[in-house]
Amino acid sequence: MNPNCESCAVHNSNHLRRLGLDMGSFDYMVALAGNPNTGKSTVFNALTGLKQHTGNWPGKTVTRAEGGFAYGDKRFKLVDLPGTYSLLSTSVDEEVARDFILFGRPDVTVIVADATRLERNLNLTLQILKITRRAVLALNLIDEARRHGVSIDDRALSRELGIPVVPMAARQGDGVDALLKMIHEVATGSYVCRPRQVKNKNRKLERAVQKLVEQIHALYPVLPNADWLALRLLEGDERIIGAFRNGTISELTRGEALQTPAVEKVYE
Amino acid sequence: MNKSSGPHEENNRAIEELLSNARDLRWTVGDDIHDQLLKNIYEQAADISDKVVRHDGKKRYDWDQKLDRFLTGRWTGLPMMLILLSLVFWITIVGSNYPSAMLSGLLIDSLHPLLKNFFSGFLPAWMSGLLIDGMYLTSAWVVAVMLPPMAIFFPLFTLLEDFGYLPRIAFNLDGLFRKAGAHGKQALTMTMGYGCNAAGVVATRIIDSPRERLIAIITNNFSLCNGRWPTQILIASLFIGAVAPPALSGIVAAGAVIAVALLGIFFTFITSWGLSKTILRGEASAFSLELPPYRPPRFWQTLYTSLIDRTAIVLWRAVIFAMPAGAVIWLISNITVGDLSLAEWFIRALDPLGGLVGLNGVILLAFIVAIPANEIVIPSILMLTVLSLNLHGMGTGAGVLFEPDSLNSYMQLFHQANWTLLTAVNLMLFSLLHNPCSTTIYTIYKETGSWKWTMVSTFLPLALGFIVIFFVTQWARIAF
Amino acid sequence: MNPILLLIDGTLILILLALIFWPEKGIWARIREARVRRQRILLEDTLKQLYDHEYYQKPVSIASLAGALNLSQEKTTRALQSLAQLKLAVFSGGQWHLTAEGRGYALRILRIHRLWERYLADETGVSEAEWHRRAEKREHDLTMDEADRLSETLGYPVYDPHGDPIPNRFGELPPKSGRPLTAAQPGTHTTIVHLEDEPAILFEQLSAEGLYPGMAVTVLENNDERVVIKGEGKKITLAPVVAANITIPVEEAKEAEEAEKEPFLTLADVREGEAAEVIGISPQCRGMQRRRLMDLGILPGSVITRELESMGGDPVAYNVRGALIALRRDQARLIRVKIKKEHHEPQL
């Protein structure tokens, strides 16, 4: 094994301590989501120092892997979710990913996107931003994009999405330090995300959603993703219906009043 | 939160009202909510990407597209697949001969007598027999027989996987799977099965349709797994390779292993087809698979991860299962009922069946002992063969392994046990077509949640195996 | 005979006997249980047939019931008498009728049957010809709660894949409306609302022609010899017997629907090196399949080029929004496209 290659991430990120599987206690939980074939597992390995095998085929990670790392004085637990194209198709892997982001309530969700085909990766990104407020976009494979003559204005992208964007080449270890910094900032709240919300253009749909949102808010006044939940109810999503019935939904409101600045809510 | 039952019930009523409202509203918005949502999201995604992505417009030489036209081409795809796989097997077979002989020399010829002498100094005879002749020797055999082929095969296979070749296999084979009424992604779970059938069964989750998923689960056992590759490779090099002139023996042996693997694929198709015509009737549904871009694998890291991840874990599992199996073999060979040992009784009871299908009682008993892990089939056969030969007055203690110092001594041992080329061929076939290991059976139960399908997956290959080797044997006996 | 061998044989025989006679789990117990179940299935099927006669206002006779149930008249009579004992059916005015309770029961079975068909169509790869047969079996197994949950999972569908309405959980069903295709004048623009799933032979013919509920068609010719319709750019000729199993709404559509007006190509027609823009996905593609295609980026407006062909020419890999996606021809046929005028060089 080539020690240079293995340790270049450590080389750049002097604040990083990889904890591998040792996560007795942690301060923040970080979820790792993204399309298949975006190098998600490589990012996972770069952060945790684990050697999870990274096969190059879609749907390879069917279950989720966990690892840990420490940055600054905080310990982070990292959960690798199955790679999915969407969160709306209700297949097994998508349910695992979605349920974790929604009910596992990670402190930060890192979305790994392939810079060479940003447009299709933004589909999942925008869907994730509907259910969580705190996310970081890891724009991976930026070196390959450059090789193909594609350049991406990451600041403009960050403005458009309302979340931090970190260009990376995880295989080479480039950008790992910047990603850690952003995860830390979002987790501790020094960076406040204002995720872009996709608006429904269809009138009828919008009206139906509004009605349901009113009803949901009457039940749970501080629920952060009420309109997404309303849409799921309209589509007849079994899991979400179940979550309403057995009270899991009310757990989503836990601590929400503290996390979401009230002012922001009013002006939105 | 302390809620009294009153407000709680009220809350429940409000929720039910919300849900029934959602049901009613569902009909005001039309049937295509999903279409509209996604269209919306994609429009915005395109919007954003237009704003932030710049393309320099220069055309570049795209090596992966050229490569794809060759590796996945209409005419070149299948031959290239066969050539690549043959290459992998050939390197494995030729490369593992020498280290295998070395390891068995070290662990069995040198270390075993040393340990035996050392422990018999202070342990009672039955204890040192159980520990050293039973548990240690079986484990040593597992390491000597399995480590070298695994340490070569897995990294090579992992390189192909990391390169992005597996989805191309699925793409190449989908036409055949479609005709068999199965899902193209079954090719992916099939190749996962070449690593481990339990992993292959879990991987079938990528197939959405329950019918096709069941087919993929039931047929996954036709993919030779970790535990069975070494059996195939060893027997092929010993018997099949020996038929050819020495210069070609490596290639012929590799050819035999590939033939068995291809036969496995053939049975996958036939069984899938049969299932989708009978108990799992239906047409092939959709197949949509992304062919990921080729990524040059990082050679050293792949080598390292596949050694740590796969080779070490699989070997560890084999050793864990080999130890109790070794103890069991030693015990049944040393506990006597009447004038024969238990093992001998079993072998005698199984011999008629074995003879009928061109195997023998020893091999069948070894397959029963090895239900927990296919890895220990060969070590069990070796131990039990030695045992049964001993009883014919050839050795000293029952259940103590004959000590071959190289691959040739295995050959001598098998010849003494009256093995023929037919026995070897049947063993290779039966190793391909028999019940899955207990881990896989348990995984199938967990994934399907049904005893019925677990039983089908367990006994279907076993029945097929017996049928195939029965006919091969009877045909061979008539023909030669 | 050797004593040890006998011992082994004896054990095996014991195990075999246990397998057969084990209480509740053994083969014998299962056979007895199955007999009770068969009786229930028979009664439920009879109820369904009575309801069917009532819904389509067909006169009920023992002969017609026996024919539909594929039973002897004697057995049918016995089944009806059992139903009368259970107060699910009554004999009055020279005919058998359902009681209110019996009607509720029949609708519950119908609900499960149609939901299950919808499930098979949307979420599994079971072939069209199999839907009905499987649902016939399944309708006797599911409880009402399970049916409700199934309905939730499927997103509260109101129609089964043949276009029949699914009774809601209170057993409500819209009154039968619509007319057979054979009643339409030539030149009528209309939409198929229902394909009758019985008898199976006729239904197989309809689905083989690619007809499905929701398909927009225009009637070109309608006489005693043949019915010719046009839909999705192709002409379909049907025998009047077959066409009578297609239901269309009572009122006519003002204009031909867009999809039918303009002939379109499908992705399967696109040749190598051509770029095509997606117009839409056929309504025939539904459930998980449809969602998967959209997840992969196949939506109206997406530009797709044909890239790789596998052995035998099926499946084909297409470049969709930057990724190489392999699709079978059967799926590509469901994706409607138009060829982009400007010729795209395949990217080098």
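Here the structure is a predicted model, which means the values were calculated and not measured.

1. A few points about the overall build of chain B
Each helix and strand in chain B was counted, giving 19 helices and 4 strands. Seen through its principal axes, chain B has C-alpha atoms that stretch 85 × 70 × 50 Å. The proportion of buried residues among the 480 residues of chain B is 57%. Long-range contacts, defined as pairs at least 24 residues apart, comprise 76% of the intrachain contacts of chain B with a sequence gap of at least 6. For chain B, the accessible area works out to roughly 19,500 Å², and carbon and sulfur atoms hold 68% of it. One way to put it: in chain B the 32 positive side-chain charges average out to a point 5 Å from where the 32 negative ones average out.

2. Side note on the interface of chain A and chain B
Residue-level contacts link 67 residues of chain A with 61 residues of chain B. Taking both partners together, chain A and chain B bury about 6,100 Å²; carbon and sulfur atoms supply 59% of that area. Along the contact surface separating chain A from chain B lie 3 salt bridges. Our count for the contact surface shared by chain A and chain B stands at 10 residue pairs in polar contact (both at pLDDT 80 or more). A total of 8 residues in the side of chain A that touches chain B trace back to one element, the largest contributor, which is helix 8 (residues 203-219) of chain A. Its residues assigned to classes, the side of chain A that touches chain B comprises 29 nonpolar, 20 polar and 18 charged. Sheet analysis places strand 7 (residues 150-152) of chain A next to strand 1 (residues 53-55) of chain B, joined by 3 bridges and oriented antiparallel.

3. Focus on the nonpolar core
In a soluble, globular protein the nonpolar side chains are often hidden away together inside. Grouped together as the largest cluster of nonpolar side chains are 122 residues, with contacts concentrated most on Trp 229 and Trp 419 of chain B. The leading source of residues in this core is helix 5 (residues 125-163) of chain B, at 16 residues. Setting aside residues up to four positions removed in sequence, Trp 229 of chain B forms contacts with Phe 89, Phe 153, Tyr 194, Leu 224, Val 257 and Ala 261 of chain B. Listed in part, the 96 residues of the second largest apolar core include Ala 31, Leu 118, Leu 137 and Leu 223 of chain A.

4. So, the interface of chain A and chain C
Of the residues lining the interface, 17 residues belong to chain A; the matching set on chain C comes to 15 residues. On the chain A side of the interface with chain C, the three residues burying the most area are Ser 89, Arg 120 and Glu 238 of chain A, jointly 39% of the side's total. For the pair chain A and chain C, the number of links is 2 salt bridges. Of the charged contacts, one joins Arg 292 of chain C and Glu 94 of chain A as a salt bridge, the two residues approaching to 3.3 Å between their closest N and O atoms. Across the contact surface, chain A and chain C share 6 residue pairs in polar contact (both at pLDDT 80 or more). Partitioned by chemical class, the residues of the side of chain A that touches chain C number 4 nonpolar, 6 polar and 7 charged.

5. Brief notes about the sheet that holds strand 7 (residues 227-231) of chain C
Residue and element names in this part refer to chain C. Read across the open sheet, the 4 strands follow the order 4-6-7-8; overall the sheet is antiparallel. Two strands lie at the open edges of the sheet, namely strand 4 (189-191) and strand 8 (234-238), each paired on one side alone. Taken pair by pair, the neighbouring strands of this sheet meet at an average axis angle of 35°, ignoring direction. Relative to strand 6 (residues 216-222), strand 4 runs antiparallel, the two being bridged by 3 bridges. Across the sheet, residue Thr 190 finds its bridge partner in strand 6, namely Val 217.

6. Regarding the pairing of strand 4 (residues 74-80) of chain A
All names here are of chain A. In terms of residue burial, strand 4 counts as a mostly covered element, since 5 of its 7 residues are buried. In this sheet, strand 4 lies alongside strand 2 (residues 28-34) in parallel orientation, the contact comprising 5 bridges. Looking at the pairing, Leu 32 lines up with Asp 80 of strand 4.

7. Examining the domain arrangement of chain C
The domain architecture assigned to chain C consists of domain 1 (27-98), domain 2 (179-261) and domain 3 (265-339). One C-alpha centre belongs to domain 1 of chain C, the other to domain 3 of chain C; they are set 49 Å apart.

8. Brief notes about the pattern of salt bridges
The full count for this structure, using the stated rule, is 32 salt bridges over all chains. As a salt-bridge pair, Arg 328 of chain C and Asp 174 of chain B come within 2.7 Å of each other at their nearest N and O atoms. Of this pair, Arg 328 of chain C sits in the loop between strand 14 (323-327) and helix 12 (329-332) while Asp 174 of chain B sits in helix 6 (residues 166-179), which puts the two residues in different chains. A single burial state applies to Arg 328 of chain C and to Asp 174 of chain B, both of which are buried. The shortest N-O distance in the salt bridge between Glu 447 of chain B and Arg 213 of chain B comes to 2.6 Å.

Conventions we followed
- Residues numbered from 1 in each chain as written.
- Chains lettered and ligands numbered in written order.
- Predicted model: local features only at pLDDT ≥ 70, side-chain atom pairs only at ≥ 80, totals over all residues.
- Heavy atoms only, no water.
- Helix = DSSP H or I, 4+ residues; strand = E, 2+ residues; numbered from the N terminus.
- Buried < 20%, exposed > 50% of the residue type's maximum accessible area, 1.4 Å probe, protein only.
- Contact = heavy atoms within 4.5 Å.
- Areas by Shrake-Rupley, 256 points an atom, 1.4 Å probe, with all protein chains shown as cover.
- Lys, Arg positive; Asp, Glu negative; His and termini not counted.
- Charge placed at Lys NZ, Arg CZ, Asp CG, Glu CD.
- Buried area = accessible area lost by both parts, 1.4 Å probe.
- Salt bridge = Lys/Arg side-chain N within 4 Å of Asp/Glu carboxyl O.
- Polar contact = N/O pair within 3.5 Å; in protein donor to acceptor, adjacent residues only side chain to side chain.
- Nonpolar A, V, L, I, M, F, W, Y, C, P; charged D, E, K, R; others polar.
- Pairing = 2+ DSSP bridges.
- Core = buried A, V, L, I, M, F, W, Y, C linked by side-chain atoms within 4.5 Å.
- Axes fitted to C-alpha atoms, helices over the stretch in contact; angles between N-to-C directions.
- Domains from an automatic or database assignment.

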